[in-house]
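Architecture at a glance
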Amino acid sequence: MEISPLESWGVVKKKPFVIAGPCSAETEEQLFASCKQIVENTDVDVLRAGIWKPRTRPNSFEGVGEVGLQWLANVKKELKIPTSTEVANPQHVELALKYGVDVLWIGARSTVNPFTIQEIADSLKGVDIPVIIKNPINPDVELWLGAFERINGAGITKLAALHRGFSTLEKSDYRNAPMWQLALDLKSRLPNLPMFCDPSHITGRRDMIFKVSQKALDLNYDGLMIESHIDPDNAWSDAKQQVTPMRLSEILHELKIRKPSSDDADFVNQIDELRKKIDRIDKEIIESLGARMEIVKALGQYKKDNNVTVFDVDRYTRILQSRAEWGDKLALDKNFVGRLYKLVHDEAIRTVEG
Ligand code: PEP
Ligand code: MN
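1. Some words on the overall build of the protein
Helix and strand counts for the protein come out as 13 helices and eight strands. The dimensions of the protein, computed from C-alpha atoms along their principal axes, are 80 × 50 × 40 Å. A burial count over the protein gives 46% of its 354 residues as buried. Look at the contacts in the protein between residues 6 or more apart in sequence, and 72% of them connect residues 24 or more apart. In the structure as shown, the protein presents an accessible area of about 19100 Å², 53% of it carried by carbon and sulfur atoms. For the protein, the centre of its 48 positive side-chain charges and the centre of its 52 negative side-chain charges are spaced 3 Å apart.

2. Regarding the nonpolar core
Judged by nonpolar contacts, the single largest core of 64 residues is most densely connected at Leu-124, Val-131, Trp-144, Phe-148, Ile-151 and Leu-186. Broken down by element, this core gets its largest block of residues, six residues, from helix H6 (residues 141-153). If sequence neighbours within four positions are ignored, Phe-148 has contacts with Met-1, Ile-133, Leu-159, Ala-160, Ala-161, Leu-186, Leu-190 and Leu-193. The next biggest cluster of nonpolar side chains, apart from the first, holds 13 residues, and it includes Trp-9, Val-11, Ile-19 and Val-103.

3. Topic: a nonpolar patch on the surface
On the surface, Ile-281, Ile-285, Ile-286 and Leu-289 cluster together into a nonpolar patch covering about 370 Å² of accessible area. Mapped onto the fold, Ile-286 is located in helix H11 (residues 265-305). For Ile-286, a relative accessible area of 58% corresponds to the exposed category.

4. Describing the pairing of strand E3 (residues 83-86)
Here E3 shows two buried faces, one formed by Thr-83 and Thr-85 and the other by Ser-84 and Glu-86. By the bridge criterion, two bridges tie strand E2 (residues 46-48) to E3 in an arrangement that is parallel. Each bridged residue has a counterpart across the sheet, and for Leu-47 the counterpart in E3 is Thr-83. With helix H2 (residues 66-79) bridging E2 and its parallel neighbour E3, the resulting β-α-β unit is right-handed. Examined bridge by bridge, E3 and strand E4 (residues 103-106) share three bridges and lie parallel to one another. Each bridged residue has a counterpart across the sheet, and for Thr-85 the counterpart in E4 is Leu-104. Tracing the backbone out of E3, into helix H3 (residues 90-98) and back to the parallel element E4 gives a crossover that is right-handed.

5. Regarding the site of ligand 1
Within the structure, ligand 1 sits among 13 residues, and Arg-48, Lys-53, Ala-108, Lys-134 and Arg-164 are positioned closest to it. For ligand 1, an oxygen atom lies 2.8 Å from a polar atom in the side chain of Lys-134. Relative to its unbound accessible area of 300 Å², ligand 1 is 98% covered by the protein chains. Of the residues assigned to the shell around ligand 1, the class counts are four nonpolar, two polar and seven charged.

6. Topic: H11
Its 41 residues give H11 an end-to-end C-alpha distance of 60 Å, which sits within 8% of 60 Å, the value for a rise of 1.5 Å per residue. Within the sequence span of H11, burial applies to Met-293, Val-296, Gly-300 and Lys-303. Between a side-chain oxygen at the N-terminus of H11 and the backbone nitrogen of Asp-266 the separation is 3.3 Å; the capping residue is Asp-264.

7. Some words on unusual backbone geometry
In this chain, Lys-15 is followed by Pro-16 through a cis amide linkage whose omega measures -5°. Here Pro-16 shows up in the segment before strand E1 (17-21). Despite not being glycine, Lys-80 shows a phi value in the positive range, around 55°. With respect to the element layout, Lys-80 can be found in the loop between H2 and E3. Note on Lys-80: relative accessible area 71%, which makes it exposed. The residue Ala-331 is not glycine, and still its phi comes out positive at about 65°. A residue is classified by how much of its surface remains accessible, and Ala-331, at 71% relative accessible area, is exposed.

8. Some thoughts on the side chain of Asn-152
Note that Asn-152 resides in helix H6. Residue classification places Asn-152 among the buried residues on the basis of a relative accessible area of 17%. Within polar-contact distance, the side chain of Asn-152 engages the backbone oxygen of Glu-2 at 3.2 Å. If we skip the residues at most four places from it in the chain, Asn-152 touches Met-1, Glu-2, Thr-157 and Leu-159.

Cut-off values and rules
Residues numbered from 1 in each chain as written. Chains lettered and ligands numbered in written order. Predicted model: local features only at pLDDT ≥ 70, side-chain atom pairs only at ≥ 80, totals over all residues. Heavy atoms only, no water. Helix = DSSP H or I, 4+ residues; strand = E, 2+ residues; numbered from the N terminus. Buried < 20%, exposed > 50% of the residue type's maximum accessible area, 1.4 Å probe, protein only. Contact = heavy atoms within 4.5 Å. Areas by Shrake-Rupley, 256 points an atom, 1.4 Å probe, with all protein chains shown as cover. Lys, Arg positive; Asp, Glu negative; His and termini not counted. Charge placed at Lys NZ, Arg CZ, Asp CG, Glu CD. Core = buried A, V, L, I, M, F, W, Y, C linked by side-chain atoms within 4.5 Å. Patch = residues over 30% accessible without salt bridge, like charges linked within 9 Å, V, L, I, M, F, W, Y side chains within 5 Å. Salt bridge = Lys/Arg side-chain N within 4 Å of Asp/Glu carboxyl O. Pairing = 2+ DSSP bridges. Right-handed = clockwise from strand over helix to strand, strands pointing away. Near = heavy atom within 4 Å. Polar contact = N/O pair within 3.5 Å; in protein donor to acceptor, adjacent residues only side chain to side chain. Nonpolar A, V, L, I, M, F, W, Y, C, P; charged D, E, K, R; others polar. Expected span 1.5 Å × (residues − 1).

Okay, structure coming up:
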């Protein structure tokens, strides 16, 4: 897939690339005041505002619609800064282009639906505009990849992924739990794809925006999209997660921008040493898993020889419990150890059955 570098977008000043602005355009005054303060106090590359809002339930604020695009065009003209908005159907695309929006993004609720993505793709044929694709709501890397294939199939090469977290059943501190590994999986499938993070929709709360932004930059993300509003507490959508332009400015100043690598000899040596240690431990882990599997096979065979069922639910429960406790003593996350042992046990059952 041909993907153009971020620099080719014509709206990128620096790395990390930052898009900021209110969740929604509410009134012309709110939009202008928010954007003006952002532009005066930060160095963001592009402004954002939602014009059509995908709401979970009807009768909540669903966006101001076309009139908001005129406000956004005024902001662009007055403040001399590019703008972006979410599009969810061909009419949105047509209107956003008509009013001179510079960057489009596709929301999480659209990425899950290949019909929607195909319609948006068809409406983008022959257009040269950057398109950011947010991850689908559910953690399915194929769906995300498919959206890139469809939009790219329409000839769009200025593409970027935006990690905004995933809906999960497990209780968590996040509004949409980040799955850093899944986003990296997409990146390994499309190595040239710029990757952005949306800490606002990941956290759902303004006090966690800094931490998640820093984590993204530590993982070498190329950009951030942060919701910022002149009066966050009174915002018509996503009030809890928006920050004032002044707070946005602090966040952007405090973020540490790290280099992707270093040529310093001491640094290279130290990394080399630590990687060797990790390699040794991984070898031990694999050898131990191999040895464990041999014993599991012998145990399964012995049970079969004695006409006893292979799976023992009490034993399984005790394994999950005790391993999680052992892990906890070593400061390993209980969920992590739980997932690991489910995987090990699934493989044991598969092997014994086979
Ligand atoms: C948004 O950016 O305001 C939005 C609705 O985001 P998401 O698609 O990530 O929910
Ligand atoms: Mn929002």
